[in-house]
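A look at the structure
Next come the chains, spelled out residue by residue.
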Amino acid sequence: MSFDAPTVIKTKRDGGRLSDAAIDWVIDAYTGGQIAEEQMSALLMAIFLRGMDADETARWTAAMMASGERLDFSDLLTVDKHSTGGVGDKITLPLVAVVAACGAAVPQASGRGLGHTGGTLDKLESIAGFTADLTNSQVRQQLRDVGAAIFAAGRLAPADAKLYALRDITGTVESLPLIASSVMSKKLAEGAGALVLDVKVGTGAFMTSEDRARELAHTMVRLGAAHGVPTHALLTDMNRPLGLTAGNALEVAEALDVLAGGGPPDVVELTVTLATEMLRLAGVDGRDPAQTLRDGTAMDRFRALIAAQGGDLSVPLPVGACSESVTAPRGGTMGDIDAMAVGMTAWRLGAGRSRPGERVQPGAGIRIHRRPGEPVAAGEPLFTLYTDTPERFPAAMAELDGGWSVGDVPPAPRPLVIDRITG
């Protein structure tokens, strides 16, 4: 069959269903440069407004997978995790080490951040010498030797990388079928035997509504199952930032604290919870993820991973040359801290990027000194902001203003893990 972009656009614009052949043609033609950016922008907006049914979403996912390589680690016991993105979400760093220490291998294809949610590769590239550019044979060997590899997903689902950049500048990022197919095309292409999804919900997440987050989770779990990859999802809270830092090197330092047996309780809890889910899905029994943090075996795996990818943890992590503190105007109890406010503050300081390819400041970010519910004394520091470019401070302070409070009554406790979705 022959297709043309205007007809495909009109079909979806008018609420019609795209055939499998039409979807295959669209993804292949756009990846190959035969569909203009303006035409794909129109189609993305039509999908954003009209949606796609389950079969369309599955075919769109498969077509994006087919646009690039598909790795095969079927001879290894592998499991991976993906987060839909949050503020202070450094969980991947300790998590892959914990799971590897428990006996499963983790092929973690990761990306760089865009907007207020930091990318795993941006964090790791704040470590001196670290590289995420691994060949397929290097990934395989590292999975055998170390049990984990964190690498750039560039060769996997290249159609998605091109589409995501266009979605970002056309106001179509939040489309549920486009999010689901974007995540799953890369994750299914990387060849893991099982997959656990951390679907964030709250002010600092793409999905601010629990109902929408739940729908996204169910969609991705079904996509995994349809491609023969057992997939579970956890809905987790992203109204508050995870841990006490947002930024690149700051989050690496916090991950190292967790691997050393300390760190913020919420980061430890989510790391252990996700590791338990990953090991259960991979069929690994009798291992206690928390024990690997206590006895140092997870730290050993993390150090081995970093060394294998050229990193040197003996070199001090960068810290922004300039800092400013926000102090408590009164004594009392720390109220809620809004995740989006913290994420946008870190972005304004230079920790994130506003367009693909833009450089980030590895030492920029924000440190939180008081968690919600903790006592606060008048005049004590509540936040410290770091950047190499002090002219960023006014805009960053403006983002943070109104995103926190000090009161007389502690905020209501909120569960970190909201739900578990298995089918």
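Since we're looking at a predicted model, the values are computed, not measured.

1. Here we look at the nonpolar core
Counting residues in each nonpolar core, the largest one holds 73 residues, and the members touching the most others are Val-99, Phe-383 and Leu-385. It is helix H12 (residues 265–282) that provides the largest number of residues to this core, a total of nine residues. Counting the residues that make up this core, at least three belong to each of domain 2 (79–314) and domain 3 (322–407). Residues contacting Leu-385, with those up to four places away along its chain left out, are Cys-322, Ser-323, Glu-324, Val-326, Thr-345, Leu-349, Gly-365, Ile-366, Phe-393, Ala-396, Met-397 and Leu-400.

2. Focus on helix H4 (residues 54–65)
Compared with the 16 Å implied by 1.5 Å per residue over twelve residues, the 17 Å span of H4 between its first and last C-alpha is a close match. Of all the positions in H4, only Glu-56, Thr-57, Trp-60, Thr-61, Ala-63, Met-64 and Met-65 are classed as buried. Those residues of H4 that are buried lie in contact with helix H1 (5–13), helix H2 (20–31), helix H3 (37–50), helix H8 (158–170), helix H9 (176–189) and helix H10 (210–226). Of the residues flanking the start of H4, the one acting as N-cap is Asp-53, its side-chain oxygen 3.1 Å from the backbone nitrogen of Asp-55.

3. Examining the domain arrangement of the protein chain
Assigned domains of the protein chain: these are domain 1 (5–51), domain 2 (79–314) and domain 3 (322–407). Here the C-alpha centroids of domain 1 and domain 3 sit 41 Å apart.

4. Considering the pattern of salt bridges
Evaluated as defined, the whole model comprises 29 salt bridges. Between Arg-294 and Asp-288 there is a salt bridge, with the nearest N and O atoms lying 3.1 Å from each other. According to the relative accessible area criterion, Arg-294 is exposed, its value standing at 56%. Here Arg-370 ties to Glu-380 by a salt bridge, and the two come within 3.1 Å at their closest N and O atoms.

Cut-off values and rules
As a convention, each chain's residues are numbered from 1 in the sequence order in which they are written. The predicted origin of the model limits local features to residues at a pLDDT of at least 70 and limits the giving and counting of side-chain atom pairs to 80 or more, whereas totals for whole chains, interfaces and linings rest on all residues. The basis for every side-chain value is the complete set of heavy atoms in the structure, and neither hydrogens nor water enter the calculation. To form a nonpolar core, buried Ala, Val, Leu, Ile, Met, Phe, Trp, Tyr and Cys residues must be joined to one another through side-chain atoms within 4.5 Å. Burial here depends on accessible area, computed with a 1.4 Å probe over protein chains only, as a share of the maximum for the residue type. Under 20% is buried, over 50% is exposed, and the range in between is partly exposed. Only runs of H or I of at least four residues qualify as helices and only runs of E of at least two qualify as strands under DSSP, and these elements are numbered from the N terminus. Boundaries of every domain are those given by an automatic assignment or by a domain database. In this analysis, two residues are considered to be in contact whenever any of their non-hydrogen atoms come within 4.5 Å of each other. By this rule, a helix spans an expected 1.5 Å times one less than how many residues it contains. Any pair of nitrogen or oxygen atoms within 3.5 Å is treated as a polar contact; in protein, a donor-acceptor pairing is required on top of that, and neighbouring residues in sequence qualify only through side-chain atoms on both sides. Any Lys or Arg side-chain nitrogen found within 4 Å of a carboxyl oxygen on Asp or Glu counts as a salt bridge.

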